[in-house]
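Working through the structure, step by step
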Amino acid sequence: MRTMGEALVRGKLNLWQNYGNSHPTQPPRFSQWANLIGDPSMDIWVEQPRALNVAYDEVLTQGTNSIVINVTDADGQAVEDAWVTIRQGADVVFETGYSNAAGQITHFFDPASTGTIDLTVTKPDYIPHLGDFALTGAPGVTHQSTVVNTDIIAGNTVNFALIAKNHTTQTANGVSGTISTESNYINITSPTSNFGNINAGATAESISDYVIQIDPDTPSGHRAIFLFTTTDAALNEWESRFSL
């Protein structure tokens, strides 16, 4: 049992199991008296709650499109299946999911997002983490969209172009972008492309395609997350992400 509602229902079942035959009129009577005044979905702790250590960047570049959250316990061990949610306002930003075996999850959001976004991490028998992060860092040149030119299936070589947007207030000269991934099923054969000069607020498509090879043994539904690192002639560097 993990919620107040489940505990209440279990108590009513116990009434029937113990008194249903000997006193058949009593279980329904006492079941009607036993009411839960509150939220039946509220989680309950069944052991002494433990602490969650949640690591993430608290200030992100304006124009970025993702955040990486790492969840560990008091001993520094990865916490799998922690429920991680980010939200802003009336679901202006809303993404939710569970940490993987490494205790990590990446949440994506609209690169036009600004301001502060709430972040909540929960797991049964752990103390919830309530935090936030701000999209108030200096703007940069980041991933805008992906144009895939080949079917993304196991065993294929996939060519795709990336579109980058300059969120700064001045021209970014000599922009280039390099991709990388931690996926064991992806081999990147062409990791870098140039974008030329990108005017303030404008977008540009990669001049040459990026190329990856997908392992024939890639499981169905596998989602590979790529880090997209952009630089310009002034040696500025920005990071954003995309997935395939």
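Fair warning: this is a prediction, and the values are worked out from it, not measured in the lab. (Residues numbered from 1 in each chain as written. Predicted model: local features only at pLDDT ≥ 70, side-chain atom pairs only at ≥ 80, totals over all residues. Heavy atoms only, no water.)

**Describing the packing of aromatic side chains**
Inclusion rule: A pair of aromatic rings is counted whenever rings of Phe, Tyr or Trp (Trp by its six-membered ring) have centres within 6.5 Å, and the orientation is called stacked for planes under 30 degrees apart, edge-to-face for over 60 and tilted otherwise. The secondary structure listing takes helices from DSSP runs of H or I that are at least 4 residues long and strands from runs of E that are at least 2 residues long, numbered from the N terminus. Each residue's exposure class comes from its accessible area (1.4 Å probe, protein chains only) as a fraction of the maximum for that residue type: buried when under 20%, exposed when over 50%, partly exposed otherwise.
Going through the model one piece at a time under the given rule, you end up with 8 aromatic pairs. Consider the rings of phenylalanine 160 and tyrosine 210, whose centres lie 5.9 Å apart with planes at 20 degrees: the pair is stacked. Of this pair, phenylalanine 160 sits in strand E10 (residues 157–166) while tyrosine 210 sits in strand E15 (residues 210–214), and the two are 50 residues apart along the sequence. In this pair, the class of phenylalanine 160 matches that of tyrosine 210, namely buried. Among the aromatic side chains, those forming a connected cluster through ring pairs are Phe160, Tyr210, Phe226 and Phe242.

**Quick notes on the sheet that holds strand E8 (residues 129–137)**
Note the following rule: We call two strands paired when DSSP finds no fewer than two bridges between them. To obtain an axis, a line is fitted to C-alpha atoms, over the contacting stretch when the element is a helix, and the angle between two such axes runs from 0 to 180 degrees between their N-to-C directions.
Taken together, 5 strands build an open sheet; the order of strands is E2-E8-E7-E4-E5 and the sheet is mixed. Two strands in the sheet have a free side with no partner beyond their single neighbour: strand E2 (59–61) and strand E5 (93–98). Between one strand axis and the next, the sheet turns by 20 degrees as a mean value, whatever way the strands run. Direction of pairing for strand E4 (residues 83–88) relative to E5: antiparallel, over a ladder of 6 bridges. Among the inter-strand pairings, isoleucine 86 is bridged to a residue of E5, identified as glutamate 95.

**Notes on the sheet that holds strand E13 (residues 192–198)**
Spatially, the 4 strands line up as an open sheet ordered E13-E11-E16-E17, and their pairing is antiparallel. A single partner strand is all that each edge strand has here, and the edge strands are E13 and strand E17 (237–243). When the angles between neighbouring strand axes are averaged without regard to direction, this sheet yields 25 degrees. Bridge count between strand E11 (residues 172–181) and E13: 5 bridges; the pairing is antiparallel. Note on E13: the bridge partner recorded for valine 175 is glycine 196.

**Thoughts on the pairing of strand E7 (residues 115–122)**
Relative to E7, E4 is paired through 5 bridges, and the arrangement is antiparallel. Bridge pairing links valine 84 to valine 121 in E7. Connecting the antiparallel pair E7 and E8 is a turn made up of 6 residues, with aspartate 125 showing a positive phi of about 70 degrees.

**Some details on the pattern of salt bridges**
Selection criterion: By definition, a salt bridge exists where a carboxyl oxygen of Asp or Glu is found within 4 Å of a side-chain nitrogen of Lys or Arg.
The tally for this structure, following the rule as stated, stands at 3 salt bridges. Across the salt bridge formed by aspartate 125 and arginine 2, the nearest N and O atoms sit 2.7 Å from each other. With aspartate 125 in the loop between E7 and E8 and arginine 2 in the segment before helix H1 (4–19), this residue pair connects regions lying 123 residues apart in the sequence. Here aspartate 125 falls in the buried class, since its relative accessible area comes to 2%. According to the relative accessible area criterion, arginine 2 is partly exposed, its value standing at 33%. The closest approach of N and O atoms between aspartate 91 and arginine 87, which form a salt bridge, is 2.7 Å.

**Comments concerning unusual backbone geometry**
Negative phi is the rule for most residues except glycine; trans is the rule for most peptide bonds. Even without being a glycine, aspartate 81 presents a positive backbone phi close to 65 degrees. By the secondary structure assignment, aspartate 81 is in the loop between strand E3 (66–72) and E4. Of note in this structure, aspartate 91 is not a glycine but carries a positive phi near 60 degrees. Within the secondary structure, aspartate 91 sits in the loop between E4 and E5.

None of this, on its own, says anything about what the molecule does.
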